[in-house]
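# Analysis of the macromolecular model
Next come the chains, spelled out residue by residue.
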There are 2 protein chains.
Amino acid sequence: MGSVVALAGQVGGAKLADGLYRLRREALTVIVNTADDYEHLGLAFSPDIDTMLYTLAGIAASGAGWEPQGESHALHHMVKTLGGPDRPVLGDRSLAAPLLRADGLANDRTPTQITLDFCRALGIAARVLPMSDDPVRTHVLTDEGAVTFHDYFAQLGCEPAVRGFQYAGAAAARIPDEVMEALYAPHLEAVVICPANPYHVIRPMLEIEGMKALLRRRGVPVVAVTPIIGGRALKGSAGKMMRELGRELSARSIAGEYLRLIDGFVLDSEDEPLLESVRSLGIEAIAVPTVMRSVDDRIVLAQEVLDFATAIRIRREAEVE
Amino acid sequence: MGSVVALAGQVGGAKLADGLYRLRREALTVIVNTADDYEHLGLAFSPDIDTMLYTLAGIAASGAGWEPQGESHALHHMVKTLGGPDRPVLGDRSLAAPLLRADGLANDRTPTQITLDFCRALGIAARVLPMSDDPVRTHVLTDEGAVTFHDYFAQLGCEPAVRGFQYAGAAAARIPDEVMEALYAPHLEAVVICPANPYHVIRPMLEIEGMKALLRRRGVPVVAVTPIIGGRALKGSAGKMMRELGRELSARSIAGEYLRLIDGFVLDSEDEPLLESVRSLGIEAIAVPTVMRSVDDRIVLAQEVLDFATAIRIRREAEVE
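Conventions adopted
- Along every chain, residues carry numbers that run from 1 in the direction the sequence is written.
- Lettering of chains starts at A and numbering of ligands starts at 1, both following the order in which they are written.
- Totals for whole chains, interfaces and linings use all residues, but because this is a predicted model, local features are given only for residues with pLDDT of at least 70 and pairs of side-chain atoms are given and counted only at 80 or more.
- Secondary structure is summarised from DSSP: a helix means a run of H or I of at least four residues, a strand means a run of E of at least two, and numbering begins at the N terminus for each.
- Radius of gyration here uses only the C-alpha atoms, and the compact-globule reference equals 2.2 Å multiplied by the residue count raised to the power 0.38.
- Three exposure classes are used. Buried residues have 20 or more other C-beta atoms within 10 Å of their own C-beta, exposed residues have 12 or fewer, and partly exposed residues fall in between, all C-beta atoms being placed from the backbone.
- Throughout, a residue-residue contact means that the two C-beta atoms, derived from backbone geometry, are no farther apart than 7 Å.
- As a per-residue measure, pLDDT tells how confident the predictor is, with possible values from 0 to 100.
- To obtain each axis, a line is fitted to C-alpha atoms, and for helices this fit is confined to the stretch in contact; angles are then taken between N-to-C directions over 0 to 180 degrees.
- When an angle is under 35 degrees it counts as roughly parallel; over 145 it counts as roughly antiparallel; between 65 and 115 it counts as roughly perpendicular; any other value is oblique.
- Amino acids outside the nonpolar list (Ala, Val, Leu, Ile, Met, Phe, Trp, Tyr, Cys, Pro) and the charged list (Asp, Glu, Lys, Arg) are all regarded as polar, and Gly is one of them.
- When DSSP finds at least two bridges between two strands, those strands are taken to pair.
- We place the copies in one frame by least squares, fitting the C-alpha atoms of every residue whose pLDDT is at least 70 in both.

Attention now goes to the overall build of chain A. Per the secondary structure count, chain A includes 13 helices and 14 strands. For 321 residues, the compact-globule estimate of 2.2 N^0.38 gives 20 Å, and the C-alpha radius of gyration of chain A, at 19 Å, lies within 12% of that figure. With the C-alpha coordinates aligned to their principal axes, the bounding extent of chain A is approximately 70 × 40 × 40 Å. The 321 residues of chain A split such that 50% are buried.

Below is the structure:
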């Protein structure tokens, strides 16, 4: 049994990563999007990292996986009482990581070091790694101008129509040594692109200088899981963005986004009719249940994904012989 | 009825300031010690200011007047879960002001502007003013070296014997315009030095360049209220400090600390026998109940203090004639 690298962000990505974690424990490395990070009140918010940490540590709220269980808002109410901003809403528990992160950064620690410290403290055996220690920011291009994804989400409520994306800093960002190490691990068996918004979660990671080339060159199966089921996004704004970008709102479009990068694509059972259409892109495909309602669902899907990667590898090796 | 200026810090000082506030409302200005301020996790803690704000806003906890009512510690527990420091203990509500203050300072607002914003938001009609917008830090000189008061209190538990104090930055600190304005108000009737540790609360304010001279020159009665009753400090480390500094542990010693500055000194009824001894220092003195258990106690003491100041002024005017 080899090691696994997952590329992830958001709640859906964290759920599949959690399934992989329960199967592979310390043999899992999760590379997480940090292009939606933002500063607020001097604190360093890294929503996809924190969602991943809470999920893998088993302390994520079941209804709102991006925050810890039992969240309260005493500090936020006091901030409002003192005349401070009433948006975004700050959870007491959710503020701890951004507070410690800002303090760590001010003391010259890297996002990677800070995140690995959090993993250790939370007892997470896997490695959760920021995609880069350099700042990358996704800018949403709209008819009303370019805004950071955080502002698009928190201030504009994802309202303005999306015309495109820019990944500021991606070309100059360095892949951290820890990420390189995970991708060059001798027994790496699969790279899994978890279900998440392709535009502001997965693509920022792929836009980092050298990342796509590295994944192609590495030669282990790269398998992506669809965030689109039956022509709709399970969560978030992916569906709206695809429409506004003129993409067909289907899982096949997502596979198209990862063309020439992925070897396999996992559709939801509901989209079984799309199997041939995805395969026509030169991508292997399977259709399995992808909605993760329980922890068991996460494990079952993770196992399907790893089995699929193994099948791809075996088939390839057979072809070479 | 004129205006009143109080010099204050700590819970006892805030209680008397609250009594004065209930009598004088917007005609009260409270100048508050900021020499015990400290930074922690990048936040700007100003304990005496926040104690004063909570007290005047009527939201201070009754048992722990330095924090808001109904304090909780969700964020602190999460900080510990993430491997962060477990001391000092951070209250969810108590963190709001240090968070907003740090953000304000980072955005080039002054401590005075930030504090006045808090007053407005909290509906406090009086003006709560930091003693200076420049950093002043009380250093406690001990046999083991010099430490900030915050470290002496929070890290050393006030253990090491005190040999003296230094007020770093005081000589270079500027008295804010708002403080000058309050002290030069045409109908100023009294300056009240509230009961508080003379060494790390009151003296830092008096050590600011020009402050003592200004109070003397101003010519309105300056009245201090004892923090020592019956040879012991009601709260905090004043008693221990006095012993270690070789001072007699009595209210008279406190009066001595303010020699050539105050016109009147308020002893506790319990210390009535000391009246003559204080008067022998050339300071007028009265003995009244000074322990403030209820809000009524605060108002009664505040009224005694203001009446005492009035009596001093009338006597003085009579002497001039």
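Next, the rest of the story.
Here we take up the environment of A:Val220. For A:Val220, the location among the structural elements is in the loop between helix 9 (211–218) and strand 10 (222–225). Each residue touching A:Val220, except ones within four places of it in the same chain, is listed here: A:Leu188, A:Glu189, A:Ala190 and A:Val191.

The partner chain A presents 27 residues to the 27 residues of chain B that form the contact. Going through the elements one at a time, helix 3 (74–81), helix 4 (96–106) and helix 5 (111–122) of chain B are the ones with two or more residues in the side of chain B that touches chain A. The greatest single-element share of the side of chain B that touches chain A, amounting to seven residues, is contributed by helix 4 of chain B.

With that settled, consider the confidence of the model for chain A. Put simply, chain A has an average pLDDT of 95, and 100% of its residues get 70 or more. Taken together, the chains of this predicted complex give a pTM of 0.94 and an interface ipTM of 0.94.

The next subject is the packing of helix 1 (residues 10–24) of chain A against helix 13 (residues 295–320) of chain A. Residues and elements named next belong to chain A. Put simply, helix 1 and helix 13 touch, their axes get as near as 8 Å, and they point 75 degrees apart. For the element pair helix 1 / helix 13, the angle class is roughly perpendicular. Contacts between helix 1 and helix 13 involve Lys-15, Leu-16, Asp-18, Gly-19, Leu-20, Arg-22 and Leu-23 from the former and Arg-298, Ile-299, Leu-301, Ala-302, Gln-303 and Leu-306 from the latter. Each residue belonging to the contact of helix 1 with helix 13 can be placed in one class, and the counts come to seven nonpolar, two polar and four charged.

Burial analysis of helix 4 (residues 96–106) of chain A places nine of its 11 residues in the buried class, the great majority of the element. For helix 4 of chain A, the complete set of buried residues consists of A:Ala96, A:Ala97, A:Pro98, A:Leu99, A:Leu100, A:Arg101, A:Ala102, A:Asp103 and A:Gly104. Contacts made by the buried residues of helix 4 of chain A are with strand 4 (43–45), helix 2 (47–56) and helix 5 (111–122) of chain A together with helix 3 of chain B. Looking one or two places after helix 4 of chain A, you find A:Asp108, whose phi comes out positive at around 65 degrees.

For the rest of this paragraph, the subject is the sheet that holds strand 5 (residues 127–130) of chain A. Residues and elements named next belong to chain A. Taking strand neighbours across the sheet as the criterion, the seven strands line up as 5-2-1-9-10-13-14 in an open arrangement whose pairing is parallel. With partners counted over all chains shown, the strands left at the sheet margins are strand 5 and strand 14 (284–288), one partner each. Geometrically, the sheet is characterised by an average inter-axis angle of 20 degrees between neighbouring strands, direction not taken into account. Where strand 1 (residues 3–8) meets strand 2 (residues 28–32), five bridges bridge the pair, whose relative direction is parallel.

Another point: the sheet that holds strand 2 (residues 28–32) of chain B. Residue and element names in this part refer to chain B. Across the sheet, which stays open at both edges, the seven strands sit in the order 5-2-1-9-10-13-14 with parallel pairing between neighbours. Of all strands in the sheet, those with a lone pairing partner are strand 5 (127–130) and strand 14 (284–288), marking the two edges. With direction set aside, neighbouring strand axes in the sheet form an average angle of 20 degrees. Strand direction decides the pairing type here: strand 13 (residues 264–268) and strand 14, joined by five bridges, are parallel. By the bridge assignment for strand 14, Gly-264 is matched with Glu-284.

The next subject is the relation of the copies chain B and chain A. Placing chain B over chain A gives an RMSD of 0.0 Å and needs a rotation angle of 180 degrees, together with 0.0 Å of translation along the axis. The two molecules are tied by a two-fold rotation axis, judged by turn and shift. It is B:Asp92 whose C-alpha, among those of chain B, lies nearest the rotation axis, at 3.3 Å. Interface overlap between copies is the fraction of interface residues in one copy that are interface residues in the other; for chain B against chain A it reaches 100%, indicating a shared surface.

Bridging between strand 6 (residues 137–142) of chain A and strand 7 (residues 145–148) of chain A involves four bridges; their strand directions are antiparallel. Considered in strand 7 of chain A, the bridge of A:Val140 is made with A:Val147.

Along the chain, the position of A:Asn197 falls in the loop between strand 9 (188–193) and helix 8 (198–207). With residues near it in sequence (within four places) discarded, A:Asn197 still touches A:Gln10, A:Pro227, A:Gly236, A:Ser237 and A:Ala238.

Moving on, we get to the pairing of strand 6 (residues 137–142) of chain B. All names here are of chain B. Bridging between strand 6 and strand 8 (residues 162–168) involves six bridges; their strand directions are antiparallel. In the sheet register, Arg-137 faces strand 8, and the bridge partner there is Ala-168. With antiparallel pairing between neighbouring strands as the criterion, strand 6 and strand 7 (residues 145–148) make up a hairpin whose turn holds two residues.

Time to look at helix 8 of chain A. Burial analysis of helix 8 of chain A places eight of its 10 residues in the buried class, which makes it a mostly covered element. For helix 8 of chain A, the complete set of buried residues consists of A:Pro198, A:Tyr199, A:His200, A:Val201, A:Ile202, A:Pro204, A:Met205 and A:Glu207.

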